[in-house]
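Structure at a glance
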Amino acid sequence: MISMKDVYKKYPNGVVAANGISVDIRQGEFVYVVGPSGAGKSTFIKMMYSEEKPTSGDVIINGKNITKMKRNQIPQLRRELGVVFQDFKLLPKLSVFENVAFALEVIEEHPKVIKKRVMEVLDLVGLKHKMRMLPSELSGGEQQRISIARSIVNVPKIVIADEPTGNLDPENSWEIMKIFEEINTRGTTVVMATHNREIVNTIRKRVIAIEGGMIARDIDGGDYGYEG
Amino acid sequence: MKARTIRRHFRESLKSLSRNGWMSFASISAVTVTLLLVGVFAIIMLNLNNTASSVEEDVEVKVLINIIEDEQQLKAAEDKLIQQVKSISGVAEARYSSKDEELNLLIEKLGEEFKLYEQSNPLRSAIYVKAEDPLEILTISEKIRKLENVHSVVDGKDTVENLFGFLETARNIGLVLILGLLFTVIFLISNTIRITIIARKDEIEIMKLVGATNSFVRIPFLLEGIWIGILGSIIPMIAVSVAYHNIYDALAPRLKGQLLQLLEVSPLIWQVNGLMIILGIFIGLWGSFMSVRKFLKA
Ligand SMILES: Nc1ncnc2c1ncn2[C@@H]1O[C@H](COP(=O)(O)OP(=O)(O)OP(=O)(O)O)[C@@H](O)[C@H]1O
Ligand SMILES: [Mg+2]
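Worth saying up front: this structure is predicted, and the values here are computed from it rather than measured.

Applying the stated criterion across every chain, the model contains 7 aromatic pairs over all chains. With a centroid separation of 5.7 Å and 85 degrees between ring planes, the pair formed by Trp22(B) and Phe25(B) is classed as edge-to-face. Placement of the pair is Trp22(B) and Phe25(B) together in helix H2 (residues 21-58), with a separation of 3 residues, close to one helical turn. There is no split in this pair, since Trp22(B) and Phe25(B) are both exposed. Over the face of the ring belonging to Phe85(A) we find Lys89(A), whose NZ or CZ atom lies 5.0 Å from the ring centre.

Dropping the structure here:
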């Protein structure tokens, strides 16, 4: 469950990136966040994993009001979420296996459990056979699959992705979308900011359009709605 | 924290040392250079200080007593004078030396031909005075001069002043060098840290993203800092030990009877080595702490 109430965000430089956002996302939903560049999509997403704090208003994740959260509680929040980025954010000096295992080592999981879980998710993204390679030895699409594997390895209720297909060609983008759909089918909430018109108009889901820090549209099975 | 996690931190800190090969090398080199400077400097300063304090301890003035023919009157005058000298504040020691003892000293110093004077000793009896604070010696000798039955005071005014002047200068130069060294060290280390921060920024960001607590992020870095400190102190410890050993063997025999005396190899070398490894660990820890601190705040 993700819930925002009257969320307002003003950056220190005076830019207002969220101007009264209220929204509810139920467990198991798949949501696209669309809108022009600079509209506030990334800000909207960053406030969900407490990378940015709202200036006012409340953000509630899995029943917890994270705006009132102390700094030392943020790690706990992050463990209940999976986050995926446009630029993959893999550690270049760790192998594929180590990169995914990392998210479980952090929560002091038992090595046997780590091994088992990492194998499972690498299997899910279809890259088990490349687990000993370094990220630099993989294609962009493969790197993004690894990053998704890392985001789901600790079985989060919610996966948040900020333009996960932004750096990928169409073929790899579809591949990534298949994985997100699979994750969603298993009951995980997926929130995905995207500029990919094709995808939004083909795999029909709930579409939240943000413009100027406000929700301009919120339609189940809606379309991308912008040119180009 | 689980034992497994502690082991993981150890393993991780060592792996990361080798993964960040060049970065580690740069940090270790910075520590090495710093400690070499510190080690050489510590040895020079400790030796200089030792010489200074032993020289200071040796500073004394010689008070020559008026000649009085009558033995008993002389004895009384001498006793009174000794009492008076001892009661001057700041006097640590007043040692009486009769004119016969003075002659013996002279014979010892200058040769048998002075035995001639044993028949009729022309010398004066004397009092050797040491001050509690060697720097006070000239003030004290001024006071003694004004006492009764004092013929003269040999205080080697120029020698004492020159010596103290030299020691003062040496210490001041030492202080300036310490300050200069400190700036060099801070510059070296902070530069290395800055590069390390840039190199590790992503790593820390990702750790935090997947829910690592601050201490989980920090501990491997701190351990890594300790390794860097220890590795960085190896070369300086060996170099300083070997160098001082050789210098001592070569110079110590030649310095016999000279003002400058070298400190024994042991324990000096152990003290300096200890200082270097502790300082190395401290620098490594401090560097790591500074480099992660910034990113853990956010
Ligand atoms: N850290 C920041 N400090 C100051 N201003 C920021 C910061 N991050 C974003 N902004 C501003 O806030 C506004 C919204 O930015 P945001 O990144 O949320 O947009 P976006 O919808 O994700 O855009 P894009 O589609 O280009 O990724 C922009 O005007 C941006 O310049
Ligand atoms: Mg964005």
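What follows picks up the thread again.
Once that is clear, we can look at empty space enclosed by the protein. Per the stated rule, a full pass over the model turns up 3 cavities of 30 Å³ or more. If you add up the space inside the largest cavity, you get close to 230 Å³. Taken together, 20 residues line the largest cavity, and the ones lying closest to its centre are Ser27(B), Thr196(B), Ile228(B), Gly287(B) and Ser288(B). Elements represented by at least two residues in the lining of the largest cavity include exactly H2, helix H6 (157-209), helix H7 (214-251) and helix H8 (265-297) of chain B. Along the lines of polarity and charge, the residues of the lining of the largest cavity split into 8 nonpolar, 10 polar and 2 charged. Considering only enclosed or pocket space, the second largest cavity measures out at about 100 Å³ in volume. Taken together, Arg78(A), Leu81(A), Gly82(A), Val83(A), Ala103(A), Ser147(A), Arg150(A), Ser151(A), Asn154(A), Leu209(B) and Val210(B) form the lining of the second largest cavity.

On to the interface of chain B and chain A. Contacts between chain B and chain A engage 21 residues on the former and 22 residues on the latter. Both faces considered, chain B and chain A share a buried interface measuring about 2000 Å² in area, 59% of it formed by carbon and sulfur atoms. For chain B, the biggest contributors to the area lost against chain A are Ile206(B), Leu209(B) and Val210(B); these three give 32% of the whole. At the boundary of chain B and chain A, one finds 3 salt bridges. A salt bridge links Arg8(B) to Glu105(A); its shortest N-O distance comes to 3.0 Å. Of all the elements in the fold, those that place two or more residues in the side of chain B that touches chain A are helix H1 (3-19) and H6 of chain B. In terms of residues, the side of chain B that touches chain A owes the most to one element, H6(B), which gives 7 residues. Of the residues assigned to the side of chain B that touches chain A, the class counts are 7 nonpolar, 4 polar and 10 charged.

Further remarks concern unusual backbone geometry. Here the residue pair Ser266(B) and Pro267(B) is connected by a cis peptide bond, since its omega of 10 degrees sits within 30 degrees of zero. When you line up the elements, Pro267(B) lands in helix H8. Not every positive phi belongs to a glycine, and Glu108(A) is a case in point at roughly 55 degrees. Within the secondary structure layout, Glu108(A) lies in the loop between helix H3 (96-105) and helix H4 (111-124). Given the relative accessible area of 21%, Glu108(A) is considered partly exposed. Positioned with a positive phi, Val155(A) is a non-glycine residue whose angle comes to about 50 degrees.

Within the UniProt annotation, "domain: ABC transporter" (unreviewed entry) is assigned to residues 2-227 of chain A. The span residues 2-227 of chain A carries 31% helix and 26% strand; its end-to-end C-alpha distance comes to 29 Å.

This paragraph deals with the domain arrangement of chain B. As assigned here, chain B comprises domain 1 (3-55 + 162-297) and domain 2 (67-148). Of note, the centres of domain 1 of chain B and domain 2 of chain B, computed from C-alpha atoms alone, are 53 Å apart.

All names here are of chain A. Around ligand 1, a shell composed of 14 residues is seen, among which Ser37, Lys41, Ser42, Thr43 and His195 lie nearest. Gly40 places a main-chain nitrogen or oxygen 2.9 Å from an oxygen atom of ligand 1. Take Thr43: an N or O atom from its side chain is 2.6 Å from an oxygen atom of ligand 1. Compared with its free state, where it exposes 640 Å², ligand 1 has 66% of that area covered by protein. Its residues assigned to classes, the shell around ligand 1 comprises 5 nonpolar, 7 polar and 2 charged.

With that out of the way, let us pick up the side chain of Thr194(A). All names here are of chain A. The residue Thr194 is located in the loop between strand S8 (189-193) and helix H7 (197-202) in this model. For Thr194, a relative accessible area of 1% puts it in the buried group. A polar side-chain atom of Thr194 sits 2.9 Å from the main-chain amide nitrogen of Asn196. Residues contacting Thr194, with those up to four places away along its chain left out, are Tyr32, Val33, Val34, Glu163, Thr165, Val200 and Tyr224.

Attention now goes to the pairing of strand S1 (residues 2-10) of chain A. Residue and element names in this part refer to chain A. The pairing of S1 with strand S2 (residues 16-25) spans 7 bridges and is classified as antiparallel. The residue of S2 that forms the bridge with Met4 is Val23. In textbook terms, the turn of a hairpin is the stretch between consecutive antiparallel strands, and for S1 and S2 this stretch comprises 5 residues, one of which, Gly14, has a positive phi near 100 degrees. Bridge analysis of S1 against strand S4 (residues 56-61) gives 5 bridges, and the strand direction is antiparallel. Bridge pairing in S4 links Ile2 to Ile61.

Another point: the UniProt feature "domain: FtsX extracellular" (unreviewed entry) in chain B. UniProt marks residues 73-153 of chain B with the feature "domain: FtsX extracellular" (unreviewed entry), using the numbering shown here. Annotated as 44% helix and 21% strand, the span residues 73-153 of chain B places its first and last C-alpha atoms 21 Å apart.

Moving on: a nonpolar patch on the surface. Together, Leu231(B), Ile234(B), Ile235(B), Ile238(B) and Val242(B) make up an exposed nonpolar region whose accessible area comes to about 440 Å². With respect to the helices and strands, the residue Ile234(B) is situated in helix H7.

Our focus in this paragraph is the sheet that holds strand S9 (residues 206-211) of chain A. Residues and elements named next belong to chain A. Reading across from one edge, S6-S7-S8-S3-S9-S10 is the order of the 6 strands in this open sheet, with mixed pairing throughout. Bordering the open sheet on either side are strand S6 (81-85) and strand S10 (214-219), each of which pairs with just one other strand. On average, each strand axis in the sheet is tilted by 15 degrees relative to the strand beside it, whichever way the strands run. Taken together, the 4 bridges between strand S3 (residues 30-34) and S9 define a ladder with parallel strand orientation. For Val31, the partnering residue across the bridge sits in S9 and is Arg206. Packing of helix H5 (residues 140-152) onto the sheet brings it into contact with S6 and strand S7 (158-162), and relative to S6 it is tilted by some 165 degrees.

What counts and what doesn't
Residues numbered from 1 in each chain as written. Chains lettered and ligands numbered in written order. Predicted model: local features only at pLDDT ≥ 70, side-chain atom pairs only at ≥ 80, totals over all residues. Heavy atoms only, no water. Phe/Tyr/Trp six-rings, centres within 6.5 Å; stacked < 30°, edge-to-face > 60°. Helix = DSSP H or I, 4+ residues; strand = E, 2+ residues; numbered from the N terminus. Buried < 20%, exposed > 50% of the residue type's maximum accessible area, 1.4 Å probe, protein only. Lys NZ or Arg CZ within 6 Å of the ring centre and 35° of its normal. 1 Å grid on protein atoms, 1.4 Å probe; cavity = no way out; pocket = protein on both sides within 12 Å on 5 of 7 lines; lining within 4 Å. Points joined across faces, edges and corners; volume = space filled by probe spheres on them. Nonpolar A, V, L, I, M, F, W, Y, C, P; charged D, E, K, R; others polar. Contact = heavy atoms within 4.5 Å. Buried area = accessible area lost by both parts, 1.4 Å probe. Salt bridge = Lys/Arg side-chain N within 4 Å of Asp/Glu carboxyl O. UniProt positions renumbered as here; feature names shortened; annotations may be inferred. Domains from an automatic or database assignment. Near = heavy atom within 4 Å. Polar contact = N/O pair within 3.5 Å; in protein donor to acceptor, adjacent residues only side chain to side chain. Areas by Shrake-Rupley, 256 points an atom, 1.4 Å probe, with all protein chains shown as cover. Pairing = 2+ DSSP bridges. Patch = residues over 30% accessible without salt bridge, like charges linked within 9 Å, V, L, I, M, F, W, Y side chains within 5 Å. Axes fitted to C-alpha atoms, helices over the stretch in contact; angles between N-to-C directions.

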